[in-house]
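Structural description and commentary
What follows is the residue order along each chain.
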Amino acid sequence: NEPDKDYLLNRLSFIRSLDAYRHMVTTHDDPGYFTSETRRKSVDFFTAQQHTNFFYSALAAREWYKMPYFNSEFGYEHGQGGIDDVTYQVSTPPEEFIQRAYEVVMAGAYPAYYYTYTAWDVIDYRYEPPGYRYFKILYDFFTSLEWWKFEPSLEMAQPNSALCMTRGEDELIIYPGIRDRDRAGIFMTGPLAYEEYHGFWMDIFNGERVDVKKGSLQRNPKGLMNLTIPFPSKTGVLYLRK
């Protein structure tokens, strides 16, 4: 919230001049800092605190700022006592929190994890919250791929049906994020010959995988491919490769 953006530029330049290890530097949720090209060049990535529109805000910011985008705050997992067990006045169920994280990552951006008892001060470290496990599953999935070579592809899925990332025509990641979560179906609209692809579904809550065999994906008479999520939670992430 510092109004003097040139002062911030001066401090960042000073930090860089003394940093023998070349750490990355950024500002916290300060879009006004990036109105100058000189100031944009002084940081390594854009840091946001964005609590809504997780996918589209990241997508737009990557286009606007032409640099990596990090949403550092988009949820705060509550303690083991439930939604009111907090050290800060905002709390998020872990199941909702991890789904927001997938929306961030599917935009080609980077997420952060907050747990109420270890986010600001380490108050109670004895309990391992569910979010630790959920975020570990997310991390293991995306780092098992050359995720940085994928790009979001809005034309591949019907709006409000799913989010999609592609690596050319060789690989796809599909996540049923921005949609009516009571619906189990995803409608793919892209031009690919899906019968040539195979891969697996992964449950984002427990890591369970269900294989998708080559030839099992077919379009319906309307030219759409309808994907049915195979998990009771009606959510999961799908990886396909040619």
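Residues numbered from 1 in each chain as written. Predicted model: local features only at pLDDT ≥ 70, side-chain atom pairs only at ≥ 80, totals over all residues. Heavy atoms only, no water.

**Here's the deal with the overall build of the protein chain**
Formally: Put simply, DSSP H or I for four residues or longer makes a helix, DSSP E for two residues or longer makes a strand, and each gets a number counted from the N terminus. Throughout, exposure labels follow a simple rule: accessible area from a 1.4 Å probe, protein chains only, divided by the maximum for the residue type, with under 20% read as buried, over 50% as exposed, and the rest as partly exposed. In what follows, a contact means two residues having at least one pair of non-hydrogen atoms within 4.5 Å. To measure how exposed things are, a 1.4 Å probe is used in the Shrake-Rupley method; for residues, cover is taken only from the protein chains shown. In this tally, Asp and Glu contribute negative charge and Lys and Arg positive charge; neither His nor the terminal groups of the chain are included. By convention, the point assigned to a charge is CZ for Arg, NZ for Lys, CD for Glu and CG for Asp.
Scanning the protein chain for helices and strands turns up 5 helices and 11 strands. Counting only C-alpha atoms and orienting by the principal axes, one finds that the protein chain spans roughly 60 × 45 × 30 Å. Residues counted as buried form 47% of the 242 residues belonging to the protein chain. Within the protein chain, contacts between residues at least 6 apart in sequence are counted, and of these 59% link residues at least 24 apart. Entry remark: accessible area of the protein chain is about 13000 Å², with carbon and sulfur atoms responsible for 51%. For the protein chain, the distance from the average site of its 26 positive side-chain charges to the average site of its 33 negative ones is 6 Å.

**A closer look at the pattern of salt bridges**
The test is simple: Salt bridges are counted wherever a side-chain nitrogen of Lys or Arg sits within 4 Å of a carboxyl oxygen of Asp or Glu.
Scanning the entire structure with this criterion turns up 14 salt bridges. In this structure, arginine 62 and glutamate 151 form a salt bridge, with 3.3 Å as the shortest nitrogen-oxygen distance. Within this pair, whereas arginine 62 is found in helix α3 (residues 54-65), its partner glutamate 151 is found in strand β4 (residues 151-152), the two being separated by 89 residues in sequence. Across the pair aspartate 140 and lysine 136 runs a salt bridge whose closest N-O atoms are separated by 2.7 Å. Of this pair, aspartate 140 and lysine 136 both sit in helix α5 (residues 130-143), 4 residues apart, which is roughly one turn of that helix. On the basis of relative accessibility, which here comes to 48%, the residue lysine 136 falls in the partly exposed class.

**Some points on the packing of aromatic side chains**
Spelled out, the test is: The aromatic pairing rule takes the rings of Phe, Tyr and Trp, using the six-membered ring of Trp, and pairs them if the centres are within 6.5 Å, calling planes under 30 degrees apart stacked, those over 60 edge-to-face and the rest tilted. Note on geometry: a ring has a charge over it if NZ (lysine) or CZ (arginine) is within 6 Å of the ring centre and within 35 degrees of the ring normal.
On inspection of all chains with the given rule, the structure shows 31 aromatic pairs. Directly above the ring of tyrosine 33 sits arginine 39, whose terminal nitrogen or CZ lies 5.6 Å from the centroid.

**As for the side chain of threonine 47**
Where we set the bar: Polar contact is the term for a pair of N or O atoms within 3.5 Å; when the atoms are in protein, one must be able to donate a hydrogen and the other to accept it, and sequence-neighboring residues count only if both atoms are side-chain atoms.
Position of threonine 47 relative to the elements: it lies in strand β1 (residues 46-48). Within the structure, threonine 47 has its side chain in polar contact with the side chain of threonine 26 (distance 2.9 Å). Here threonine 47 is in contact with Thr26, Thr27, His28, Asp29, Asp30, Phe70 and Ser72, once residues within four sequence places are set aside.

**What to know about the pairing of strand β9 (residues 209-212)**
Keep this limit in mind: Whether two strands pair comes down to DSSP finding at least two bridges between them.
Sheet topology places strand β8 (residues 198-202) next to β9; 4 bridges connect them, and they run antiparallel. Within β9, the position partnered with phenylalanine 200 by the bridge is aspartate 211. Between β8 and β9, which pair antiparallel in sequence order, lie 6 residues; one of them, glycine 207, sits at a positive phi of approximately 80°.

**Some details on helix α4 (residues 94-106)**
The condition is simple: Multiplying 1.5 Å by the residue count of a helix minus one yields the expected span of that helix.
Compared with an ideal rise of 1.5 Å per residue, which puts 13 residues at 18 Å, α4 spans 18 Å between its outermost C-alpha atoms and is within 8% of the ideal. α4 sits mainly inside the fold: 11 of its 13 residues count as buried. Taken residue by residue, α4 has Pro94, Phe97, Ile98, Gln99, Arg100, Ala101, Tyr102, Glu103, Val104, Val105 and Met106 as its buried positions. Of the residues one or two after α4, glycine 108 is the one with positive phi, at around 80°.

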